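Secondary and tertiary structure notes
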Amino acid sequence: QTVVILLDERQKELKKRLEVSGVSEVAYILSHFLTQFTVGMLGSLFLLGALFIFNTVHYVSFVDFLVPFFCFLVSLICLGFLLSSFIPNARTAAGFNFLYFAASLGFAFLCKVVVIPSTKSAAIPVILSIFFPPMTFSLMMFDIGIAENSGIPVQWSAGYFPLGLG
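Reading the values: rules and limits
Along each chain, the written sequence defines residue order, and numbers are assigned to residues from 1. Restriction of local features to residues with pLDDT of at least 70 applies here, the model being predicted, together with a cutoff of 80 or more for giving and counting side-chain atom pairs; totals for whole chains, interfaces and linings are based on all residues. Computation of side-chain values: all heavy atoms of the structure, hydrogens and water removed. To qualify as a helix, a DSSP run of H or I must reach at least 4 residues; to qualify as a strand, a run of E must reach at least 2; elements of each kind are numbered from the N terminus. Here, two residues are considered to be in contact whenever any of their heavy atoms come within 4.5 Å of each other. The accessible surface values rely on the Shrake-Rupley method and a 1.4 Å probe; as for residues, cover is taken only from the protein chains in view. Aromatic pairs are defined between Phe, Tyr and Trp rings, using the six-membered ring for Trp, whenever the two ring centres lie within 6.5 Å; interplanar angles under 30 degrees are classed as stacked, those over 60 as edge-to-face, and all others as tilted. We call a residue buried when its accessible area falls under 20% of the maximum for its residue type, exposed when it is over 50%, and partly exposed in between, using a 1.4 Å probe and counting protein chains only. For patch detection, residues must exceed 30% relative accessible area and be free of salt bridges, and they are connected within 9 Å for like charges or within 5 Å for nonpolar side chains (Val, Leu, Ile, Met, Phe, Trp, Tyr). Salt bridge, as applied in this entry: a Lys or Arg side-chain nitrogen positioned within 4 Å of an Asp or Glu carboxyl oxygen. The convention used is that axes are lines fitted to C-alpha atoms, helices contributing only their stretch in contact, and that angles between N-to-C directions extend from 0 to 180 degrees. The crossing is said to be left-handed when, going from far helix to near helix, the turn is anticlockwise and less than a right angle, and right-handed when the turn is clockwise. When residues are grouped by polarity, Ala, Val, Leu, Ile, Met, Phe, Trp, Tyr, Cys and Pro land in nonpolar, Asp, Glu, Lys and Arg in charged, and all others, Gly among them, in polar.

Here's the deal with the overall build of the chain
Regarding its fold elements, the chain presents seven helices and zero strands. In the chain, the succession of α and β elements from N to C terminus is α-α-α-α-α-α-α. Taking all contacts inside the chain whose residues are at least 6 apart in sequence as the whole, residues at least 24 apart take part in 67%. As displayed, the chain has an accessible area near 9,900 Å², and 73% of this comes from carbon and sulfur atoms.

Right, here's the structure in full:
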């Protein structure tokens, strides 16, 4: 979404108009970052709040669920800023975002079902996770779900960091 908004503003030349009005580059980028972060965190808090209000989570604390959402959100916003430099228009960006997200989920599934069980190595998922934040997020949620269903408490401070590596 960040990419589409930035490219739409570029096509309408809104950024140039804001610069003429006296808005600095830092203020422009920070306003987009904070807006996207606030909207994303409110959605995450709403979703997680519903999970805890309806008592569907028993072994994972609220903060342990919030950490992957926070990391995922920040990485996608930063990726959006990066991609807005290379993609020419908003329509192309929307298609690219869909393909990127679908590829990330496909890689996560392949790593969890094929790569990790056959090689007993986490090297490939870790390398792919660097370039595909949705993959990291889905692997973390998968591991948290397994821990929840198995009755294993997830404790970040105890050295257990669910990254889809186990």
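Next comes the rest of the account.
Some words on the environment of Ser-85
Assignment of secondary structure puts Ser-85 in the loop between α4 (62–83) and α5 (90–119). The sequence separation of Ser-85 and Leu-6 amounts to 79 residues, and the corresponding C-alpha distance is 9.3 Å.

Some thoughts on the packing of aromatic side chains
Tallied over the full model, the rule gives four aromatic pairs. Judged by centre distance (5.6 Å) and plane angle (90°), the ring pair of Phe-37 and Phe-70 falls under edge-to-face. Here the residue Phe-37 occupies a position in helix α3 (residues 25–53), and Phe-70 occupies one in helix α4, the gap between them amounting to 33 residues. Seen from their ring centres, Phe-52 and Phe-62 are 5.5 Å apart, and the 70° between their planes marks the pair as edge-to-face. Here Phe-52 is found in helix α3, whereas its partner Phe-62 is found in helix α4, with 10 residues between them in sequence. Looking at Phe-52, the relative accessible area reads 26%, which means it is partly exposed. Judged by its relative accessible area of 30%, Phe-62 is partly exposed.

Brief notes about a nonpolar patch on the surface
A contiguous nonpolar surface patch, about 380 Å² in accessible area, is contributed by Phe-109, Leu-110, Val-113 and Val-114. Mapping Leu-110 onto the fold places it in helix α5. On the basis of relative accessibility, which here comes to 42%, the residue Leu-110 falls in the partly exposed class.

Some remarks on the packing of helix α1 (residues 2–11) against α4
A pair of packed helices is captured by two measures, namely the crossing angle of their axes and the spacing between those axes. The interhelical angle for the contact between α1 and α4, taken along N-to-C directions, is 35°, at an axis separation of 8 Å. α1 and α4 meet at a crossing whose hand is right-handed. The residues of α4 that touch α1, namely those facing Thr-2, Val-3 and Leu-6, are Ile-77, Gly-80, Phe-81 and Leu-83. Taken together, the residues of the contact of α1 with α4 break down into five nonpolar, two polar and no charged.

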